[in-house]
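A structural walkthrough
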Amino acid sequence: MHARAALFDLYGDHLRPRGGRASVAALVRLMKPLEIAAPAVRTAVSRMVRQGWLEPVRLPQGAGYGLTSKCVRRLDDAASRIYREGTPSWQGRWHLIVLEPVKDRPRRERVKAVLAFLGYAPLSEATWVGPRSSREVDHLLASEGLRADRFDAALEGDPRELVARAWDLAAVGEAYERWLSEAATLVGALPDGAPDDRVFATRSRLVHGWRNFLFRDPGLPPELLPPGWPGERARAYFEQEAARLLPSAAAFVDRELP
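Conventions adopted
Residues numbered from 1 in each chain as written. Predicted model: local features only at pLDDT ≥ 70, side-chain atom pairs only at ≥ 80, totals over all residues. Heavy atoms only, no water. Helix = DSSP H or I, 4+ residues; strand = E, 2+ residues; numbered from the N terminus. Buried < 20%, exposed > 50% of the residue type's maximum accessible area, 1.4 Å probe, protein only. Contact = heavy atoms within 4.5 Å. Pairing = 2+ DSSP bridges. Axes fitted to C-alpha atoms, helices over the stretch in contact; angles between N-to-C directions. Parallel < 35°, antiparallel > 145°, perpendicular 65-115°, else oblique. Left-handed = near helix turned anticlockwise from the far one by under 90°. Nonpolar A, V, L, I, M, F, W, Y, C, P; charged D, E, K, R; others polar. UniProt positions renumbered as here; feature names shortened; annotations may be inferred.

On the secondary structure map, T202 appears in helix α9 (residues 196-211). Judged by relative accessible area, T202 falls into the buried class, the value being 7%. Apart from residues lying up to four places away in sequence, T202 is in contact with L186, V187, L190 and L245.

Quick look at the structure:
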């Protein structure tokens, strides 16, 4: 796990419900079980500040960092997808986004990465489709200074054909199978009565691996997925083990936060 990714996981999974703030010293202590050294933590924090995810705050314990509103939106959206909080049923309609041309390549790549994270797939260079709208699209367009036409659309034709063209579900399914095997090995290596810091590290790696699917799985409705979709077996395992390991992991976080 890289320090920046581990910090996103830490803030999203543990610190967000605890006020979204932590001292630098606490962040260093919390990253230690993941074998992330203090210089790497400080470098990652600085980068996240420059990117608008964290902001400096003054705490009784000294200098610290809290979540920006941009980061709160991203973490809450991610949590709702990771833990399936309030996912609406599909109404058979699609959300279309038609972007104005983006000539600057770094800017174009940023926009593509965020849209993919939000569950959209490109039908052309400028047209993206998703199974539902995302409230983060407004913030993406505003931050990049882009205009876009957006449509709540009904498809004329077989939605499965559209899904097959827009997303590589076979590759996503194989990734779920690999993750499930690796996750079972990871959790299985944790002995009974393991100390809280080791449970925290194991659960953090479990959540990190699962969170990566936010960039790959668009969260399609069940009726559009292949029979025997491995994502459901993987999700059932994740939800069971993440819940089982949470009390010990949370105890470690509470102990290390002043």
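Back to the write-up after that little detour.
This part is about the sheet that holds strand β3 (residues 62-67). Spatially, three strands are ordered β1-β3-β2 in an open sheet, and the strand pairing comes out antiparallel. Taken across any chain shown, the strands that pair with only one partner, and hence form the sheet edges, are β1 (21-23) and β2 (54-59). Ignoring strand direction, the axes of neighbouring strands in this sheet form an average angle of 35°. Two elements, β2 and β3, share six bridges in a ladder whose sense is antiparallel.

Here we take up the pairing of β3. Where burial is concerned, most of β3 is hidden: five out of the six residues are buried. Pairing analysis gives three bridges linking β1 to β3, with the strands arranged antiparallel. Following the sheet pairing, R21 is matched in β3 by G66. Between β2 and β3, which pair antiparallel in sequence order, lie two residues.

This next bit is on the packing of helix α8 (residues 169-188) against helix α10 (residues 230-256). One way to put it is that α8 packs onto α10 with a least axis distance of 9 Å and a crossing angle of 30°. Compared by their axis directions, α8 and α10 come out roughly parallel. Read as a crossing pair, α8 and α10 show a hand that is left-handed. Across from G173, Y176, E177, W179, L180, A183, A184 and V187 in α8, the residues of α10 making contact are P230, G231, R233, A234, Y237, F238, E241 and R244. Each residue belonging to the contact of α8 with α10 can be placed in one class, and the counts come to ten nonpolar, two polar and four charged.

In this section: the UniProt feature "domain: Transcriptional repressor PaaX-like N-terminal" (unreviewed entry) in the chain. Here the UniProt feature "domain: Transcriptional repressor PaaX-like N-terminal" (unreviewed entry) sits at residues 3-70. In residues 3-70, helix accounts for 53% and strand for 22%; the two terminal C-alpha atoms are 20 Å from one another.

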